[in-house]
Amino acid sequence: MSERHVAIVDANDFYVSCERVFDPSLVGRPVVVLSNNDGCVVARSAEAKALEIDMAVPWHRIADRARMLGVVARSSNYELYGDMSARAAEILSRRTASQEVYSIDESFIALEGTVDDAIAQAQAIRAELRRLVGLPMSVGIASTKTLAKLANRGSKSNPALGGVCHLGAYSAARQEAILASIDVGDVWGIGRRTARRLAPLGIGTAADLRAADATLVRRRCSVVQERVVHELRGIDCLPLEDVQEGRDQIQHSRSFAVPITTAAELAEVLSVYTQRAAARARAQGSMARAMRCFAATSPFAAGSHVSHVVSVAFPEATDDPLVLHRAAVAALGPQLEPGRRYVRAGVSLHELVDRASHATLDVFGTAGDERPGTSAVVDDIAERFGEQSVGLGLAGLRARRAWTMRRDMVSPRATTHWDELAVVHAR
DNA sequence: TCTGGGGTCCTAGGACCC
DNA sequence: TCTGGGGTCCTAGGACCC
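Conventions adopted
Residues numbered from 1 in each chain as written. Chains lettered and ligands numbered in written order. Predicted model: local features only at pLDDT ≥ 70, side-chain atom pairs only at ≥ 80, totals over all residues. Heavy atoms only, no water. UniProt positions renumbered as here; feature names shortened; annotations may be inferred. Near = heavy atom within 4 Å. Polar contact = N/O pair within 3.5 Å; in protein donor to acceptor, adjacent residues only side chain to side chain. Helix = DSSP H or I, 4+ residues; strand = E, 2+ residues; numbered from the N terminus. Nonpolar A, V, L, I, M, F, W, Y, C, P; charged D, E, K, R; others polar. Phe/Tyr/Trp six-rings, centres within 6.5 Å; stacked < 30°, edge-to-face > 60°. Buried < 20%, exposed > 50% of the residue type's maximum accessible area, 1.4 Å probe, protein only. Lys NZ or Arg CZ within 6 Å of the ring centre and 35° of its normal. Contact = heavy atoms within 4.5 Å. Pairing = 2+ DSSP bridges. Axes fitted to C-alpha atoms, helices over the stretch in contact; angles between N-to-C directions. Salt bridge = Lys/Arg side-chain N within 4 Å of Asp/Glu carboxyl O.

The name that an unreviewed UniProt entry assigns to chain A is Translesion error-prone DNA polymerase V subunit UmuC, with the source organism given as Agrococcus versicolor. The heading Sequence similarities (unreviewed entry) in the UniProt record of chain A holds the text "Belongs to the DNA polymerase type-Y family."

Shown next, in the form of C-alpha cells:
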C-alpha cells in the first residue's frame, strides 16, 4: 500500500563526526566538542558517552579527569560544521520532493511508497551521505514528525536496525510497548518542566501521553502539548515546511573570555556585535524595525546576578551598523552598574522587513546623515578579503581584545579556506 | 580562573478602545 | 453611591529545541 511517510534524517554526534572526517585519528577514540569559549561539552562521541561524560557539563570541571581517560577535546568550529551541514542538506534535497531543514544536522523529508520502499530509500540516503560527505546518519520514519523523532531514537539505540527505523514496520502491540518504554520527557516537545507538570496526572511515558485526554493536557499545559498528544496518535499536526525564507529574528550574543566592567568596553562589544547582526540581516535581504540588546553578569558567580535588557524601535527599518551601534550604546550604556562584572552581551534584530519591497520613506529628512553605501561596501570587502579585514570603528579591531572568545583547541576550516585544507600523506 | 548560542512558538497581562 | 464587558494589540517572559 502506498502512503506518505515522514522521515527525520540526522547525523550521529554531528560535531564530533565532522571533526573525524578531517582527522581520522579521532575515529574510535573518545572525543568531545566544546561550546564557544571552550565552556561546556556540546557533543560527544559514543566512546565519550561510555566514559559517562555528560552533555553540557562545564569543561573546566572535568578537563583533568577527561584528559587522564584519553578524551580528545575540540573547540567548536562552526564554519566547518555549517559548511558540512549545507553539503549534506543539498545532497539530501536531490532525494526528496519536500524537505524541511530543521537544524544544523537534521532534515525532515517526505517519502512515498510502501513501508518497505520507505526503508529502502532511507538506507540509500544513508549510504550516499556516508560516501559523499563522510557523515554517519540515522533515519527515523513514521506517519508524523513526533513519531518519526521517536523512531529516530530507536534507530540509534538498536544497532541491528542498520541506522533506519520505521515505526510502521511494527505491530500495534509492539508499538505500544515501544512507547511505554520511553519517558514522556524524551518525547519531542515535552521538556523537563512539562514532564514535571504531567507527572501528577499519571502521565509518565509516551504511551501514557498518547492515551491522555487531549483537552485536559491543553488546560494543564498548552496547545503545544495538546498537539503532541495528537501527533503520537498519528494525526499530523506539524506539516513539513519546505519554504526556505529568512529568519524572523537575528541574534548575535557571546560570552566574554574575561568579564568587562566599563562603558567603553561595552561600546566596543556592541560595535562588533551590531556589525555581525547587520551583516547577517543584509545577507538575507532584511532590514530591522526593532532591536533588543542585553548585558548580563554571571549567574554562577557569588552575589546578585543582573541582566539589563533594552528595546529600541526604529522609525525607519534599517540594516546600517552605524545606526544600530549608536542606538545600542545610547540605550544600554546608561544601564551599566559600576563595579559589576559583565560576562555576556547580545544584540537581536526583530520585526524584519524585506529590503527589496521596502521603499525608504523619509518625510522629515532625518536619515540624511547616514551614508547609504557604507554597509554594502563593508560587506563587499569582507567577502573578498575575509571578515577580519574590515570593520567600522572598533569592529576593525587590530589588536585582539581580551574579551574576545577563547578557542584553544580549534581544528582547521578544511572546507572553506584554501590555507586550511586537509593534507593527505601517502605511504 | 574557566558554565554556549541561535532560534521558534505560546501565554499572560497591560494598555487602549468603544 | 453606584464604576461593564468585550475586543485588539503589544511585549516580556517561559518553555522548548538543537
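Student: I keep staring at the protein's contact with DNA strand B and nothing clicks. Help me out?
Tutor: Close contacts around DNA strand B come from 23 residues, with Ser35, Gln251, Ser253, Ser255 and Arg280 the closest. Among atoms of DNA strand B positioned within 4 Å of the protein, sugar and phosphate together represent 70%. A distance of 2.9 Å separates a sugar or linking oxygen of DNA strand B from a polar side-chain atom of Arg254. Here a phosphate oxygen of DNA strand B and a side-chain polar atom of Arg344 are 2.8 Å apart. When residues of the surface near DNA strand B are traced back to their parent elements, those giving at least two are helix H3 (59-68), helix H11 (223-232) and strand E9 (250-260). No other element matches E9, which puts 6 residues into the surface near DNA strand B.

Student: Could you clarify how one ought to interpret the protein's contact with DNA strand C in this entry?
Tutor: Taken together, 15 residues sit near DNA strand C, with Ser103, Lys149, Gly189, Thr194 and Arg292 positioned nearest. Within 4 Å of the protein, the contacting atoms of DNA strand C are drawn from sugar and phosphate to the extent of 100%. The separation between a phosphate oxygen of DNA strand C and a polar main-chain atom of Val187 is 3.4 Å. Here a phosphate oxygen of DNA strand C sits 2.4 Å away from a polar atom, N or O, in the side chain of Thr194. The dominant element in the surface near DNA strand C, judged by the number of residues it contributes, is helix H8 (residues 192-198), at 3 residues. Residue composition of the surface near DNA strand C, grouped by class: 4 nonpolar, 5 polar and 6 charged.

Student: Just to check I follow, could you spell out the packing of aromatic side chains for this structure?
Tutor: Geometry of an aromatic ring pair is reported as the spacing of the ring centres plus the angle between the planes. Within this structure, the stated rule accounts for 9 aromatic pairs. Their ring planes at 80° and their centres at 5.6 Å tell us that Tyr102 and Trp188 sit as a pair that is edge-to-face. Highlighted residues: Tyr102 in strand E5 (residues 99-103) and Trp188 in the loop between helix H7 (172-180) and H8, separated in sequence by 86 residues. Among the residues examined, Tyr102 registers a relative accessible area of 38% and is labelled partly exposed. Three or more aromatic residues joined by ring pairs form one cluster here, namely Phe14, Tyr15, Tyr78 and Tyr81. The ring of Phe108 has Lys145 sitting right over it, with the charged end atom 4.8 Å from the ring centre.

Student: Can you walk me through the environment of Ala73 in this structure?
Tutor: Mapped onto the elements of the fold, Ala73 is located in strand E4 (residues 72-75). You can call Ala73 buried: its relative accessible area is 12%. Along the backbone, Ala73 and Ala328 are 255 residues apart, and their C-alpha atoms lie at a distance of 36 Å. Setting aside anything within four residues of it in sequence, one finds Ala73 in contact with Val32, Leu34, Trp59 and Met409.

Student: Whenever I open this one, the sheet that holds strand E1 (residues 3-11) confuses me. Can you help?
Tutor: In any sheet, the strands associate via hydrogen bonds between backbone groups, in a parallel or an antiparallel arrangement. Spatially, E5-E6-E1-E7-E8 is the arrangement adopted by the 5 strands of the open sheet, whose pairing is mixed. The two strands at the open ends of the sheet, each matched to only one other strand, are E5 and strand E8 (164-166). Geometrically, the sheet is characterised by an average inter-axis angle of 20° between neighbouring strands, direction not taken into account. Of the pairings in the sheet, the one linking E1 to strand E6 (residues 106-113) comprises 8 bridges and is antiparallel in character. Across the sheet, the residue bridging to Arg4 is Glu112, located in E6.

Student: When you look at the side chain of Lys145 in this model, what are you seeing that I'm missing?
Tutor: With respect to the element layout, Lys145 can be found in helix H6 (residues 145-157). Within the structure, the side chain of Lys145 is placed 3.3 Å from the backbone oxygen of Pro239, a separation counted as a polar contact. Not counting residues within four places of it along the chain, the set of residues in contact with Lys145 comprises Val6, Glu100, Phe108, Trp188, Glu231, Leu238, Pro239 and Leu240.

Student: Even after reading the chapter, I still don't get the pattern of salt bridges, so can you show me in this structure?
Tutor: Two side chains of opposite charge can pair, provided their charged atoms sit close to one another. Applying the stated criterion across every chain, the model contains 20 salt bridges. When the shortest N-O distance is used, the salt bridge between Arg153 and Asp186 registers 3.7 Å. In this pair, Arg153 sits in helix H6 while Asp186 sits in the loop between H7 and H8, placing the two residues 33 residues apart along the sequence. What makes Arg153 partly exposed here is its relative accessible area of 38%. Members of the salt-bridge network, linked through shared partners, are Glu19, Asp23 and Arg74.

Student: How do you make sense of the sheet that holds E4 when you look at a structure like this?
Tutor: Reading across from one edge, E3-E2-E4 is the order of the 3 strands in this open sheet, with mixed pairing throughout. Sheet topology places strand E3 (41-44) and E4 at the edges, where each strand pairs with a single neighbour. Within this sheet the neighbouring strands show an average axis-to-axis angle of 30°, counted without direction. The pairing of strand E2 (residues 31-34) with E3 spans 3 bridges and is classified as antiparallel. Bridge pairing in E3 places Val32 opposite Arg44.

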